[in-house]
Amino acid sequence: MQHVGVQSLLKVHIKNKTYLGANGAETQALKDAQLTLTENSFTVFFGPSGCGKSTLLRILAGLDDDYEGSVDWEHPPKVGMVFQEPRLLPWRTVQENILLSADPTFTDHEFKQLVDVVGLTDMLSHFPSELSLGLSRRVAIARAFASKPNLLLLDEPFVSLDAPTAARLRQLVRTLWVDNPITAVMVTHDMREAVELGEEVLLFTPRPGSIHERLKVLPTDRANEASIEAKRAEVKSLYPHLFEE
Amino acid sequence: MRFLYPLFSIVGFIALWAGAAYIVADPLLPGPLEVCSAMLREISSGALWHHLFVTLWRVVASFIMAMAIGIAIGLAMGRSHMINGLFDPWLVFFLNIPALVVIFLCYIWGGLTEAAAIIAVVINKVPNVAVMLREGTRSLNYELEEMGQSFRYTRLQTFQHIILPQLQPFIVAAGRSGLSLIWKIVLVVEFIGRSDGVGFQLHTYFQLFDVAGILAYSLAFIAVMLLIEILIVQPWERYATRWRAEPA
């Protein structure tokens with residue numbers, strides 16, 4: 001039974017996911033991880049390094065199908081992904097990088113609007129080697145939105161950026177997501193990021209990962225710097241073992 | 001200054017050559033002027049253009065075939081352990097078989113035909129291209145392919161935008177070494193079993209001990225290959241690598 005107006009996009013139940021390490025030993029990455037994503041929700045996977053959150057994201061992206069369990073889609077998935085490294089094609093310009101992954105219905109007008117919002121209008125003819133990491137991430141974010149996905153996957157998209165750049169990019173993702181509501185999943189180990197962007201935060205247990213707790217984030221929690229920090233501190237005091245600092 | 005050194009070197013060599021030819025005064029060591037006049041003679045009779053063109057045609061045809069087949073085999077070997085295992089012994093075999101043996105066998109089994117000549121050249125070159133492209137394929141960036149996979153790139157898009165640009169330096173290197181190897185083999189093939197082309201002319205002048213004629217044809221063909229390098233290979237390479245950051 002579904003709630004009126006809230007459609008689920010997919011149901012996931014990963015019973016078991018193991019890796020074969022280089023030394024031949026098996027490592028269990030996920031164990032009995034279950035989740036349901038509702039349409040146009042913003043979900044955050046939060047947990048310590050190596051808890052399998054990126055593994056689960058890769059399964060959602062269709063990059064890994066070697067697991068026991070099921071991923072049931074309500075409609076065929078159309079994934080837009082932002083990787084930890086920008087993964088731009090070095091031999092294509094910024095414009096080509098965005099348009100190569102764009103949806104066929106993506107218009108010139110939408111393109112101009114998108115690059116304006118992400119602040120790349122003046123950089124379109126540049127090659128990725130000429131961009132800073134922050135700008136490359138902007139291109140990667142624009143590329144994901146240009147593909148008009150019904151599932152946006154973000155794998156630690158703000159990692160190794162300086163604090164002001166990371167803050168601007170979080171704001172950018174937030175703006176784009178509010179303007180183009182899509183189901184989004186972000187992996188992070190930064191609770192600040194989780195509170196600022198997520199509507200629901202799934203706390204992962206340490207390896208083998210499963211979902212330990214679901215936290216709702218209310219608009220009041222991300223109203224301002226103080227409320228974000230208060231929420232972060234509250235979660236940390238409840239689940240200190242999930243924090244790496 | 002940088003451009004003057006090669007010029008000094010070439011002019012110096014020509015002067016030495018002219019001096020040596022003057023002192024020896026023997027038709028077996030013609031001077032630069034004799035070689036030039038032999039070249040002019042062949043140009044005005046039209047023979048040089050005819051033979052140059054025929055040889056160039058054979059070079060281009062066998063080059064295209066060798067590159068296409070070599071790239072396909074190299075890609076397949078780099079991607080699949082099974083195909084690599086199946087082809088690897090034969091790659092070593094064909095890399096080490098003498099060019100002359102391949103040429104003889106092709107002529108014996110295929111007759112002294114154009115097709116046999118070109119197949120002989122192609123067989124000689126394919127293993128080199130395949131080896132280079134196998135290495136290129138093994139060094140492909142897996143993360144970019146995953147990116148394409150996550151955005152549901154088609155196979156053609158993946159090949160065109162992700163794989164081919166990464167293989168491009170290997171293709172250029174294989175093409176470079178291919179061109180210089182192929183034209184040398186084409187000359188041998190013509191020498192042994194064709195009745196036209198630069199190799200055939202060299203054969204004729206060899207029998208006449210006409211060194212001026214031999215040098216005239218060799219220099220003319222080297223000039224043609226140099227022009228191909230400067231007018232086609234280098235501009236293409238610059239265009240294809242324009243995305244790389246300029247070295248500081």
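Bear in mind that the values here come from a model prediction, so they are computed numbers and not experimental data. (Residues numbered from 1 in each chain as written. Chains lettered and ligands numbered in written order. Predicted model: local features only at pLDDT ≥ 70, side-chain atom pairs only at ≥ 80, totals over all residues.)

1. Observations concerning the pairing of strand 4 (residues 68-73) of chain A
Residue and element names in this part refer to chain A.
Next, step 1: Taking burial as the measure, the six residues of strand 4 include zero buried ones, a minor fraction of the element.
Next, step 2: Across six bridges, strand 1 (residues 8-20) lies against strand 4 in antiparallel orientation. Bridging from a neighbouring strand, Ile-14 pairs with Gly-69 of strand 4. (Buried ≥ 20, exposed ≤ 12 C-beta atoms within 10 Å, placed from the backbone. Helix = DSSP H or I, 4+ residues; strand = E, 2+ residues; numbered from the N terminus. Pairing = 2+ DSSP bridges.)

2. Section: the interface of chain B and chain A
Often, the extent of an interface is quoted as the loss of accessible area on bringing the components together.
Next, step 1: Contacts between the two partners involve 13 residues from chain B and, on the opposite side, 18 residues from chain A.
Next, step 2: Mapped by element, the contributors of at least two residues to the side of chain B that touches chain A are helix 7 (142-150) and helix 8 (155-193) of chain B.
Next, step 3: It is helix 7 of chain B that provides the largest number of residues to the side of chain B that touches chain A, a total of six residues. (Contact = placed C-beta atoms within 7 Å.)

3. Quick word on the sheet that holds strand 9 (residues 211-216) of chain A
Residue and element names in this part refer to chain A.
Next, step 1: Reading across from one edge, 5-6-7-3-8-9 is the order of the six strands in this open sheet, with mixed pairing throughout. The two strands at the open ends of the sheet, each matched to only one other strand, are strand 5 (79-82) and strand 9. The mean inter-strand angle of the sheet, taken between neighbouring strand axes irrespective of direction, is 20°. (Axes fitted to C-alpha atoms, helices over the stretch in contact; angles between N-to-C directions.)

4. Things to note about the environment of Gln84(A)
All names here are of chain A.
Next, step 1: Here Gln-84 lies in the loop between strand 5 and helix 2 (94-100).
Next, step 2: Residue classification places Gln-84 among the partly exposed positions, given that 17 C-beta atoms sit within 10 Å.
Next, step 3: Placed 67 residues apart in sequence, Gln-84 and Lys-17 show a C-alpha to C-alpha distance of 21 Å.
Next, step 4: Ignoring anything within four residues of it in the chain, the contact list for Gln-84 reads Asp-155, Glu-156 and Val-159.

5. Digging into the packing of helix 4 (residues 133-146) of chain A against helix 5 (residues 163-179) of chain A
Residue and element names in this part refer to chain A.
Next, step 1: For the pair helix 4 and helix 5, interaxial distance at closest approach is 11 Å and the crossing angle is 10°. Considered as vectors, helix 4 and helix 5 are oriented roughly parallel to each other. Taking contact as the criterion, the partners of Gly-134, Arg-137, Arg-138, Ile-141 and Phe-145 in helix 4 are, on helix 5, Thr-165, Leu-169, Leu-172, Val-173 and Leu-176.
Next, step 2: In the contact of helix 4 with helix 5, the residues fall into six nonpolar, two polar and two charged. (Parallel < 35°, antiparallel > 145°, perpendicular 65-115°, else oblique. Nonpolar A, V, L, I, M, F, W, Y, C, P; charged D, E, K, R; others polar.)

6. Looking at the pairing of strand 3 (residues 42-46) of chain A
Residues and elements named next belong to chain A.
Next, step 1: Summarising burial for strand 3: five of the five residues are buried, a large majority.
Next, step 2: With burial as the criterion, each face of strand 3 is covered, one bearing Phe-42, Val-44 and Phe-46 and the other bearing Thr-43 and Phe-45.
Next, step 3: Of the pairings in the sheet, the one linking strand 3 to strand 7 (residues 183-188) comprises five bridges and is parallel in character. Note that in strand 7 the partner of Val-44 across the bridge is Met-186.
Next, step 4: One ladder, built from four bridges, connects strand 3 with strand 8 (residues 200-204); its direction is parallel. In the sheet register, Phe-45 faces strand 8, and the bridge partner there is Leu-202.

7. Thoughts on unusual backbone geometry
All names here are of chain A.
Next, step 1: Here the phi dihedral of Asn-40 falls at roughly 60°; this positive angle occurs in a residue that is not glycine.
Next, step 2: Here Asn-40 shows up in the loop between strand 2 (26-38) and strand 3.
Next, step 3: Although it is not a glycine, Ser-160 sits at a positive phi angle of roughly 55°.

8. Some details on the environment of Lys231(A)
Residues and elements named next belong to chain A.
Next, step 1: Secondary-structure assignment places Lys-231 in helix 7 (residues 225-238).
Next, step 2: The class for Lys-231 is buried, based on 22 C-beta atoms found within 10 Å.
Next, step 3: When the C-alpha positions of Lys-231 and Val-173 are compared, they lie 20 Å apart, and in sequence the two are 58 residues distant.
Next, step 4: Setting aside residues up to four positions removed in sequence, Lys-231 forms contacts with Val-195, Val-217 and Asp-221.

9. Some points on the sheet that holds strand 4 of chain A
Residues and elements named next belong to chain A.
Next, step 1: What the three strands build is an open sheet, ordered 2-1-4; its pairing is antiparallel. Each edge of the open sheet carries a strand with a single partner, namely strand 2 and strand 4. Neighbour-to-neighbour, the strand axes of this sheet turn through a mean angle of 15°, independent of strand direction.
Next, step 2: Seen against the sheet, helix 1 (residues 53-61) touches strand 1, strand 2 and strand 4 and runs at an angle of roughly 60° to strand 2.

10. Observations concerning the confidence of the model for chain A
Next, step 1: The share of residues in chain A with pLDDT of 70 or more is 97%, and the mean pLDDT across the chain is 88.
Next, step 2: Averaged pLDDT values for the elements of chain A fall to 84 in helix 7 of chain A and rise to 95 in helix 2 of chain A. (pLDDT = per-residue confidence, 0-100.)

11. Re the packing of helix 9 (residues 198-207) of chain B against helix 10 (residues 211-240) of chain B
The axes of two packed helices give the description: the angle between them and the distance between them.
Residue and element names in this part refer to chain B.
Next, step 1: The geometry of helix 9 relative to helix 10 is characterised by a closest axis approach of 8 Å and an angle of 160° between their N-to-C directions. By the angle between their axes, helix 9 is roughly antiparallel relative to helix 10. Pair helix 9 / helix 10 crosses with left-handed handedness. Residues Val-198, Gln-201, Leu-202, Tyr-205 and Phe-206 of helix 9 touch helix 10, and the partners they reach there are Gly-213, Ile-214, Tyr-217 and Phe-221. (Left-handed = near helix turned anticlockwise from the far one by under 90°.)

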